[in-house]
Amino acid sequence: MGTVTTGDGTTIFYKDWGPRGGQPVVFHHGWPLSADDWDNQMLFFLAQGYRVIAHDRRGHGRSTQTPAGHDMDTYAADVIALAEALDLRGAFHIGHSTGGGEVARYVARAERGRVAKAVLVGAVPPLMLKTESNPGGLPIEVFDGFREGVATNRAQFFIDVPSGPFYGFNRPGAKVSQGLIDNWWRQAMMGAANAHYECVKAFSETDFTEDLKQIDVPVLVAHGTDDQVVPYEDSAPLSVGLLKNGTLKSYEGFPHGMLSTNPDVLNPDILAFLKS
């Protein structure tokens, strides 16, 4: 574990496990979580001989609770600083949800040779918000509800989200894991309320269309068809259509948090893509 200091003095916390000569796999977490959300995948890929790295986004987890910079441009700049500090080259970048947006923006701007492949899982690109050009998006009232939940009773809101739509535990017959719910809450409450509040705008209103068009490395877009947080039809298929070298893999009935509910399926599929 270590830290990197960015140009504006922000301290970014990261985990870095495995052989320094191993090919790096970098994980980008979703809102409002931390690097800990990737523990399952980090252990899996570590066992495969990779060097595995995950960071806490600014304002999240153990990174600095900054007064500003809660936008995708700054998030991507922080990843650039991390990649330079650790001299990561030929890396695989895997992002979930908001982290998928961070990956898209970073990979589009990364120095040539830094990135070998990317994976977007349940990711927010191309654009979540409903607009004239994105009629299938979610109305602004949905995201206003997120902001209200953070501002009025964040502790309860961060129980309600994982207990319901995030992991699909609100579906009939769902096998509920109290441990996943508690760990989601633990990670979320470590972060700063202002960062969580402002990040809602970042993940919902950022248009990644041009980022996706610029990416020329192979990208796997993996998405559950029962994703209640980032609806499938307005995300994964549209992203693949914008990528130069994109592959779509759909998971019938899987929820937004499928990396945690179905790692036995997702981990081997991601590994196969990275090795292909």
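Structure's up top.
A few points on the structure. (Residues numbered from 1 in each chain as written. Predicted model: local features only at pLDDT ≥ 70, side-chain atom pairs only at ≥ 80, totals over all residues. Heavy atoms only, no water.)

Most peptide bonds are trans, and most residues other than glycine sit at a negative phi. In the segment running from tryptophan 31 into proline 32, the intervening peptide bond is cis, with an omega of -5°. As for its placement among the helices and strands, proline 32 is situated in the loop between strand S3 (24-28) and helix H1 (39-47). For the peptide bond that leads from proline 125 to proline 126, omega is 5°, which places it in the cis range. Of note, the phi angle at aspartate 87 is positive, near 50°, even though the residue is not glycine. Structurally, aspartate 87 can be placed in the loop between helix H2 (72-85) and strand S5 (91-96). Residue class for aspartate 87 comes out partly exposed when judged on its relative accessible area of 45%. Its identity as a non-glycine residue notwithstanding, serine 97 has a phi of 60°, on the positive side. Within the element layout of this structure, serine 97 appears in the loop between S5 and helix H3 (98-109). The class for serine 97 is buried, based on a relative accessible area of 7%. (Helix = DSSP H or I, 4+ residues; strand = E, 2+ residues; numbered from the N terminus. Buried < 20%, exposed > 50% of the residue type's maximum accessible area, 1.4 Å probe, protein only.)

Next up on the list: the pairing of S5. Where burial is concerned, most of S5 is hidden: six out of the six residues are buried. Burial along S5 is two-sided: the face carrying Ala91, His93 and Gly95 and the face carrying Phe92, Ile94 and His96 are both buried. As judged from the four bridges shared by S3 and S5, these two strands associate in the parallel manner. Opposite valine 26, over in S5, you have histidine 93 as the bridge partner. Bridge count between S5 and strand S6 (residues 115-121): six bridges; the pairing is parallel. Paired with phenylalanine 92 across the bridge in S6 is lysine 117. (Pairing = 2+ DSSP bridges.)

Here the focus is the side chain of threonine 10. Tracing the sequence through the fold places threonine 10 in the loop between strand S1 (2-5) and strand S2 (11-17). According to the relative accessible area criterion, threonine 10 is buried, its value standing at 2%. Of note is the side chain of threonine 10, whose polar atom sits 2.8 Å from the side chain of aspartate 8. Among all residues touching threonine 10, those that are not within four sequence positions of it are Val4, Thr5, Arg58, Thr64 and Thr66. (Polar contact = N/O pair within 3.5 Å; in protein donor to acceptor, adjacent residues only side chain to side chain. Contact = heavy atoms within 4.5 Å.)

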